[in-house]
2 protein chains.
Amino acid sequence: MSKQKRVTSYDVAREAGVSQSAVSRVFRPGFSVSKKTREKVVATANEMGYRPNAIARMLITKQSGMVAVILSSRANLNYPEVLSELNKELALNNKRVLLFTLDDADELDELLENIWTFQVDGVIALAAHFDSKSLDLFAKHSTPIVLYNRNVPESNANTVCCNHDKGIKQLIDLLHQSNHKSYLIIAGPDDSDVANERREIAQNYLHTLGIQNTPVIYGDYGYKSARSALENWLKTNTLPDAIICSNDVMAIGVIDEIKQNLNLSVPDDVSVVGFDGISAASWYNYQITTIQQPMKQLTKAAVDILMERIENPQAAAEARVFTGSLITGNSIKTR
Amino acid sequence: MSKQKRVTSYDVAREAGVSQSAVSRVFRPGFSVSKKTREKVVATANEMGYRPNAIARMLITKQSGMVAVILSSRANLNYPEVLSELNKELALNNKRVLLFTLDDADELDELLENIWTFQVDGVIALAAHFDSKSLDLFAKHSTPIVLYNRNVPESNANTVCCNHDKGIKQLIDLLHQSNHKSYLIIAGPDDSDVANERREIAQNYLHTLGIQNTPVIYGDYGYKSARSALENWLKTNTLPDAIICSNDVMAIGVIDEIKQNLNLSVPDDVSVVGFDGISAASWYNYQITTIQQPMKQLTKAAVDILMERIENPQAAAEARVFTGSLITGNSIKTR
DNA sequence: ATTAATAATGACTTCGAATGCAATATAGAT
DNA sequence: ATCTATATTGCATTCGAAGTCATTATTAAT
């Protein structure tokens, strides 16, 4: 009934009549042990219920086998899936995910303290903003970090990213080619880097196509926020030909707002495009034309880069960009 | 440029002209250190960039400060949010989440090995099935475990759970009172305990109300699965008065299937209820009458119970059940 | 000033596995 | 059988912080 004492390598060694080193070597791959000893040790270990203590191993090898994954609340809705995918991918590389969340920028210091403390082998940051000062800190601690879905061309950070530029231009081309003249952009929260990137790309490209001063309104990536943003805007403006939404959830909100409150329909009265390719985007009531993020490629690449950096910390930074795939829905009208 | 050597408590001690013990005490709360020493140590520590090594601390204190969270792929769609909520709640208790996934039952042994290895302080299992044999193993290792959203009345496991019984009966009462006579149940995958529980409750309660042999068809909790299950079933059957879906996503699938392929509508031609209270359930096109799981209460309770068990491992097992709240949508017709 | 009570300190050991090194055993060659 | 070359083995040390305990400094009380 008492707090049961853990079985250590010494216990097994004593019982099996070998040294502690021998036990240790049996549980390390690629170390030289005679068949006889190995069998003896494995047998007693199983009998006694011995498992090497990962903590002790971490201390001496200076490898925790853990990767910090930083989630920010600004994360887009498909991030949970990303997390589970990352976890699987990292498990294949014998790494465990230690989860951290970063909600306020001013918690950053505390977060970093925590990360150093846990001696993680590497870090993957989802949608969190890291300025170059923080990135330098990672370099100083020689902790590799990969930024997920961020594109920081000027910096020398490791990043994986969906090609927002290409994707958004592709959507806008579709709209432009089918003769849409006036546009409205519904952007994500302006403290999200991804949101800003998507907004800017759309603004600039429309400008390039000769469409000046496209209005922008802001949501928080959520359904309601898009609806009320649009509702507000329409109090003093008229419906454009097309609405470019920074993600699918907001596109869904927009479609519902148009249907319910304006009694109009998409794409007949206005075209809508989204971004992300979440599953709801293809539900019968929406069928949004959007860009699907290549999530599995992105997560795999993030893990690959991280593993490479853990192996070889001085390697140069790398940015991998993946092209999303166009999902042709039924939310664009040919005018 | 070389792999930089970590700063240890000895380094700080030497620099500050105190003993290593002194440094250690400065960084432990509630230990007796003179103001002078504390200031000296804190100053040099900051200067040298010293942070206590959590791994070494774990080894000596035998507390890893980590809680394993086990995700199964059978998890319902709202689990990602649960994960992030759990993480926050645990962080408040100074615990970190170490993520594990369990996809196949036959990976269980490996998973458990891993968990013991990492010396986690406790475990929270989301939707994963643990038989009493595995639960005994946790007891043997004196690792507290809390099952999230499982109700195992006979066992002495720690569980938190939404009151499926009450919720589902509430929904069925609504249907029954508004004069629905014939029913169809769309259940979740039959290797999910929660799915089976929900199905059984519905079946039994309908039976209690005098409605015999309600047909059951199965989906996998996903949109498409519900649509095709219903489509198949309708090849040889006619539409019932009401369809009881084991989760909201399948209810959404059903509504779309009815609209798109049958050209009928909900609730005019058939009533539909769901379960979970996900955000999409209240989107304009669906407005499902459903039961919202009290997710924050559930997660908080799971963490509370776990913390109590970590404090006091011999305490008796506890099951906390929370009542979900009815969301009145527009998917039930008064007949 | 003296004593008693308390606070602060450092030397040393501990946690549990990994590993360099020297010692020993085994296999292979002649 | 003898001598190398190679494979195994165990000893002793290491990782970095925590905590016990005996010692010393400080404070309070008389």
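Remember, predicted model here, so these are calculated numbers, not experimental data. (Residues numbered from 1 in each chain as written. Chains lettered and ligands numbered in written order. Predicted model: local features only at pLDDT ≥ 70, side-chain atom pairs only at ≥ 80, totals over all residues. Heavy atoms only, no water.)

Chemist: With reference to specific residues and values, describe unusual backbone geometry.
Modeler: Residue and element names in this part refer to chain A. Across the junction of valine 266 and proline 267, the peptide omega takes the value 5°, indicating a cis bond. Despite not being glycine, lysine 62 has its phi angle at roughly 60°, a positive value. Checked against the element boundaries, lysine 62 lands in the loop between helix H4 (54-61) and strand S1 (66-72). When its relative accessible area of 70% is taken as the criterion, lysine 62 is described as exposed. Although it is not a glycine, aspartate 276 adopts a positive phi angle of roughly 130°. (Helix = DSSP H or I, 4+ residues; strand = E, 2+ residues; numbered from the N terminus. Buried < 20%, exposed > 50% of the residue type's maximum accessible area, 1.4 Å probe, protein only.)

Chemist: Kindly report on the protein's contact with DNA strand D, identifying the contributing residues and their values.
Modeler: Not every one of the 30 residues close to DNA strand D is listed here, only the nearest: A:Arg25, A:Thr37, A:Ile60, B:Ser9 and B:Arg57. Within 4 Å of the protein, the contacting atoms of DNA strand D are drawn from sugar and phosphate to the extent of 64%. The side chain of A:Ser32 places a nitrogen or oxygen atom 2.7 Å from a phosphate oxygen of DNA strand D. Interatomic distance of 2.2 Å between a side-chain N/O atom of A:Thr37 and a phosphate oxygen of DNA strand D. Of all elements in the fold, only helix H2 (20-27) and H4 of chain A together with helix H1 (9-16), helix H2 (20-27) and helix H4 (54-61) of chain B reach the threshold of two or more residues within the surface near DNA strand D. When grouped by side-chain class, the residues that make up the surface near DNA strand D number 11 nonpolar, 13 polar and 6 charged. (Near = heavy atom within 4 Å. Polar contact = N/O pair within 3.5 Å; in protein donor to acceptor, adjacent residues only side chain to side chain. Nonpolar A, V, L, I, M, F, W, Y, C, P; charged D, E, K, R; others polar.)

Chemist: An account of the protein's contact with DNA strand C is needed here, citing residue identities and associated values.
Modeler: Close to DNA strand C lie 30 residues, the nearest being A:Ser9, A:Arg57, B:Arg25, B:Thr37 and B:Ile60. Protein-adjacent atoms of DNA strand C, using a 4 Å cutoff, are sugar or phosphate at a proportion of 61%. Here a phosphate oxygen of DNA strand C and a backbone polar atom of B:Ser19 are 3.0 Å apart. At 2.8 Å from a phosphate oxygen of DNA strand C is found a side-chain nitrogen or oxygen belonging to B:Ser34. Listing elements by their share of the surface near DNA strand C, those giving two or more residues are helix H1 (9-16), H2 and H4 of chain A together with H2 and H4 of chain B. The residue makeup of the surface near DNA strand C, split by class, is 11 nonpolar, 13 polar and 6 charged.

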